[in-house]
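Take a look at the letters that make up each chain.
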Amino acid sequence: QGVAFQPLSNIPTTARGIIMFNTEGGDDSEVEPETKMSLEDKMRSWEASEEEIKAASLGGITAGSKGNADGFDIGLWIMFPFIVATSLLFFVFPFIMDKIDVSSVGPPPMV
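Residues numbered from 1 in each chain as written. Predicted model: local features only at pLDDT ≥ 70, side-chain atom pairs only at ≥ 80, totals over all residues. Heavy atoms only, no water.

## Re the overall build of the chain
A count of helices and strands for the chain gives 3 helices and 2 strands. In sequence order, the chain lays out its α and β elements as β-β-α-α-α. Residue burial in the chain is summarised as follows: out of 111 residues, 3% are buried. (Helix = DSSP H or I, 4+ residues; strand = E, 2+ residues; numbered from the N terminus. Buried < 20%, exposed > 50% of the residue type's maximum accessible area, 1.4 Å probe, protein only.)

Set out below in structure tokens:
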């Protein structure tokens, strides 16, 4: 059983709180990290490269990509006026429902 699978209570701590263990064969000595990465370097290493984005998406087509408008964008542009109009009607209806003439419809069924 290697050092990597020991409970946390068995792992020694240091004042810095960072310890790297040699989990490949040999002794269980501590291995000090050579350099500390700055926060900006760490965050930059988390970002996906252009090749990774292209491999994980449909040829690099992602939200906000600098390409031509695709079918989804065009569909949103066409539906935007209808979405806005129906949402305005939904919010305005409580104020205008008393002004709608429903006398010819009759009362609702009472079951």
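## Structural notes on the pattern of salt bridges
Scanning all chains against the criterion turns up 1 salt bridge. With a shortest N-O distance of 2.9 Å, arginine 44 and aspartate 41 are connected by a salt bridge. Pair noted here: arginine 44 and aspartate 41 are both in helix H1 (residues 39-46), with a separation of 3 residues, about one helical turn. (Salt bridge = Lys/Arg side-chain N within 4 Å of Asp/Glu carboxyl O.)

## Some words on helix H3 (residues 71-96)
Taking 1.5 Å as the rise per residue, H3 with 26 residues should run 38 Å; its terminal C-alpha atoms sit 37 Å apart, in good agreement. Along H3, the sharpest change in direction is near 45° and occurs at methionine 79; proline proline 81 comes one to four residues later. (Expected span 1.5 Å × (residues − 1). Bend = angle between axes of the 7 residues up to and from the residue.)

## What to know about the packing of aromatic side chains
In total, this model carries 1 aromatic pair according to the counting rule given. Aromatic pair phenylalanine 90 and phenylalanine 91: ring centres 5.4 Å apart, planes at 80°, arrangement edge-to-face. Here phenylalanine 91 falls in the exposed class, since its relative accessible area comes to 58%. (Phe/Tyr/Trp six-rings, centres within 6.5 Å; stacked < 30°, edge-to-face > 60°.)

## A few points about the confidence of the model for the chain
Atomic detail in the predicted coordinates should be set aside for any region of low pLDDT. Residue-level pLDDT values for the chain average 75, and 60% of them are 70 or greater. No element of the chain has a lower mean pLDDT than strand S2 (residues 30-31), which averages 53, and none a higher one than H3, which averages 93. (pLDDT = per-residue confidence, 0-100.)

## Remarks on a nonpolar patch on the surface
Together, Leu89, Phe90, Phe91, Val92, Phe93, Phe95, Ile96, Met97, Ile100, Val102 and Val105 make up an exposed nonpolar region whose accessible area comes to about 1200 Å². Structurally, the position occupied by phenylalanine 90 is in helix H3. Looking at phenylalanine 90, the relative accessible area reads 61%, which means it is exposed. (Patch = residues over 30% accessible without salt bridge, like charges linked within 9 Å, V, L, I, M, F, W, Y side chains within 5 Å. Areas by Shrake-Rupley, 256 points an atom, 1.4 Å probe, with all protein chains shown as cover.)

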